[in-house]
Amino acid sequence: MHTPPLYRQLADHYLDAIRSGTLKTGERFPSIRLMMEKHAVSLSTAVQVCRELEDCGVLEARPRSGNYIRQPEAAPKTAPTASPADLDSSVYVGIHPPVSAVFKAGQRATVKVNFASAYCAPSLYPLKILQDHMAKALRRDAHLLDAEGSTCGHLALRSVLARRALTAKAHLPAEKIVITHGATEALTLALRAVTQPGDTVAVESPTFYGLLQMLESLHLHVREVPATAQSGINLLALEQLLQSPERIHALIVMPNLQNPLGSIMPDANKARLVQLCAEHGTVLIEDDTFGDLVDTEQPLSTLKYWDRGDTVIHCASLNKTLAPGMRLGWISAGKWHERVEMLKHSQSRGCEVLSQLAVSAFMKTPSYERYLRRLRKTLTQQRQHMSTAITRYFPTGTCVSEPRGGTLLWVELPSHCSAMRLFHEGLKAGIQISPGDIFSNGQRFSHFVRMGCGAPYSPKIDEALATLGQLLKKQE
Ligand SMILES: Cc1ncc(COP(=O)(O)O)c(C=O)c1O
């Protein structure tokens, strides 16, 4: 397949954004410096992108002021909306009671140190700033609390998200984004849009237990495809599954900072994955919940970026990066957008407006990038502290993942250790962990644990890790 040069790919990317109105006439175009930083390209490539856009007549250079968007020549035709893939209905098989059992045990216990959470500590979120933006929004419009928001969400937030997606090289036009109740609702809507009860959905193995619960609640069958902490889903194994007679209706993948592995798929794998799914008629659902927590300044590319047929469904959330209490997420469902909009309306109506206005007001300011930079740095240190302590306290033979961002560590214990036993004994000592067993329907991860690093390292955390180490050594 012929791949156009990088400057041409980027120019096309921005051209799409201009034509769809994500970048509007009269707006300032990202500076050369910002393009170099965000897309990791050279000065000459960034300059070449601007030249291409000038040649297309959509960019004008204003002396000492920068580049500005001009009126595009013609709007593209929108792709026809296809009906969801033809769906057969086989028999429902229930999955995974252990997940619910682990949750119930966690809720009953008095937990003093919680390593099971994937969130950051409250002190790391910009709560005061968000409160101020909320107060401002309410002062400006006292009727915010009595007006029903639109089904797709407030345009202010959808536009900010569309604009930010550009730097992750994804083209998610604002009018094709639906604001949701976290990534949970986004993923549920995606699954409801493209599957019927009894269909089969593939997931990575291990995968976020919440997905397994979601699939069960929608009466869907699950197939697990092995994934590694180095590069995520194993494409050879996936190809084999897709070539088997069994129809795989959808695949859910976390390409960036996979939960629990922390893997980031290389770009070449992302491109190949999108192509593979398109070839086999399997709908690819991307869960990019943790992508913004990558250590580096340069945003990670999304699967949506490699999507040529508008068949990748992109789901994400602000719950880990900004404000868990606001429960804001989003979905950009490509050719299933209208069906998702209908499902969202029938399921829960539009999300509450005040939070959307407060969040979008903050995300528009340069302080948001500064806040993210600080958060990433803090998380890097917290993961480092936790990893060092785990290596010190846990039995010899323990291996700790080295994710390049996020709040999670995936820890392989010596094979004789039982993560479930550690979970129950830890709870008795007031310490909660996530046992590997809940990240799969199989038994492969019964000697793994997922450890959350969202809280600043402290003597209390250190002591809890030492206690877990002692409990494990008693299993020898
Ligand atoms: C990978 C992944 N996807 C989705 C979710 C659900 O996200 P939300 O809290 O935004 O509903 C989580 C929550 O931990 C997650 O880890």
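Rules used throughout
- Residues numbered from 1 in each chain as written.
- Predicted model: local features only at pLDDT ≥ 70, side-chain atom pairs only at ≥ 80, totals over all residues.
- Heavy atoms only, no water.
- Helix = DSSP H or I, 4+ residues; strand = E, 2+ residues; numbered from the N terminus.
- Rg over C-alpha atoms; globule rule 2.2 N^0.38 Å.
- Buried < 20%, exposed > 50% of the residue type's maximum accessible area, 1.4 Å probe, protein only.
- Areas by Shrake-Rupley, 256 points an atom, 1.4 Å probe, with all protein chains shown as cover.
- Near = heavy atom within 4 Å.
- Polar contact = N/O pair within 3.5 Å; in protein donor to acceptor, adjacent residues only side chain to side chain.
- Contact = heavy atoms within 4.5 Å.
- Patch = residues over 30% accessible without salt bridge, like charges linked within 9 Å, V, L, I, M, F, W, Y side chains within 5 Å.
- Salt bridge = Lys/Arg side-chain N within 4 Å of Asp/Glu carboxyl O.
- Lys, Arg positive; Asp, Glu negative; His and termini not counted.
- Charge placed at Lys NZ, Arg CZ, Asp CG, Glu CD.
- Domains from an automatic or database assignment.
- Core = buried A, V, L, I, M, F, W, Y, C linked by side-chain atoms within 4.5 Å.
- Axes fitted to C-alpha atoms, helices over the stretch in contact; angles between N-to-C directions.
- Parallel < 35°, antiparallel > 145°, perpendicular 65-115°, else oblique.
- Left-handed = near helix turned anticlockwise from the far one by under 90°.
- Nonpolar A, V, L, I, M, F, W, Y, C, P; charged D, E, K, R; others polar.

A. Molecular detail of the overall build of the chain. Tallying secondary structure elements over the chain gives 15 helices and 16 strands in all. The C-alpha atoms of the chain give 23 Å as radius of gyration, which agrees with the globular expectation for 476 residues (23 Å, within 12%). If you line up the chain on its principal axes, its C-alpha atoms span 70 × 50 × 50 Å. Counting every position in the chain, which comprises 476 residues, the buried fraction comes to 54%. With the model as given, the accessible surface of the chain reaches about 21000 Å², and the carbon-plus-sulfur share is 54%.

B. The arrangement of the site of the ligand in detail. Near the ligand, the surroundings consist of 15 residues, among which T184, N259, D287, S317 and N319 are the closest. Note that an oxygen atom of the ligand is positioned 2.8 Å from one of the backbone N or O atoms of A183. Within the side chain of N319, one N or O atom sits 2.7 Å away from an oxygen atom of the ligand. For the ligand, whose accessible area on its own is 390 Å², the fraction buried by protein is 95%.

C. Summary view of the environment of I69. Tracing the sequence through the fold places I69 in strand β2 (residues 66–69). Linking I69 and G57, residues 12 residues apart in sequence, is a C-alpha distance of 9.1 Å. Other than its neighbours up to four places away in sequence, I69 contacts I18, L23, K24, T25, G26, E27, F29, V58 and L59.

D. Representation of a positive patch on the surface in the model. Taken together, the side chains of K136, R139, R140 and K364 make up a positively charged region of the molecular surface. Position of R140 relative to the elements: it lies in helix α5 (residues 127–140). Overall, R140 belongs to the exposed group, its relative accessible area being 67%.

E. Main features of the domain arrangement of the chain. For the chain, the assigned domains read domain 1 (6–69), domain 2 (97–124 + 373–473) and domain 3 (127–367). One C-alpha centre belongs to domain 1, the other to domain 2; they are set 44 Å apart.

F. Inspection of the nonpolar core at higher detail. Judged by nonpolar contacts, the single largest core of 40 residues is most densely connected at L322, V359 and M363. Among the elements of the structure, α6 (155–167), β4 (177–181), β11 (328–332), α12 (353–363) and α13 (366–393) are those that each provide at least two residues to this core. The two domains that each donate at least three residues to this core are domain 2 (97–124 + 373–473) and domain 3 (127–367). When near neighbours in sequence (up to four residues on either side) are disregarded, L322 contacts Y125, P126, L130, V359, F362, M363, Y368 and Y371. Core analysis: the next-biggest nonpolar cluster, separate from the first, contains 39 residues, L427, I431, M451 and L465 among them.

G. Quick look at the packing of helix α1 (residues 6–20) against helix α3 (residues 43–55). Two elements in contact, α1 and α3, have axes whose closest approach is 9 Å; the angle formed by their N-to-C orientations is 50 degrees. Compared by their axis directions, α1 and α3 come out oblique. The way α1 lies across α3 gives a crossing that is right-handed. Taking contact as the criterion, the partners of L6, Y7, R8, L10, A11, Y14 and L15 in α1 are, on α3, T45, Q48, V49, E52 and L53. For the contact of α1 with α3, a count of residues per class yields 8 nonpolar, 2 polar and 2 charged.

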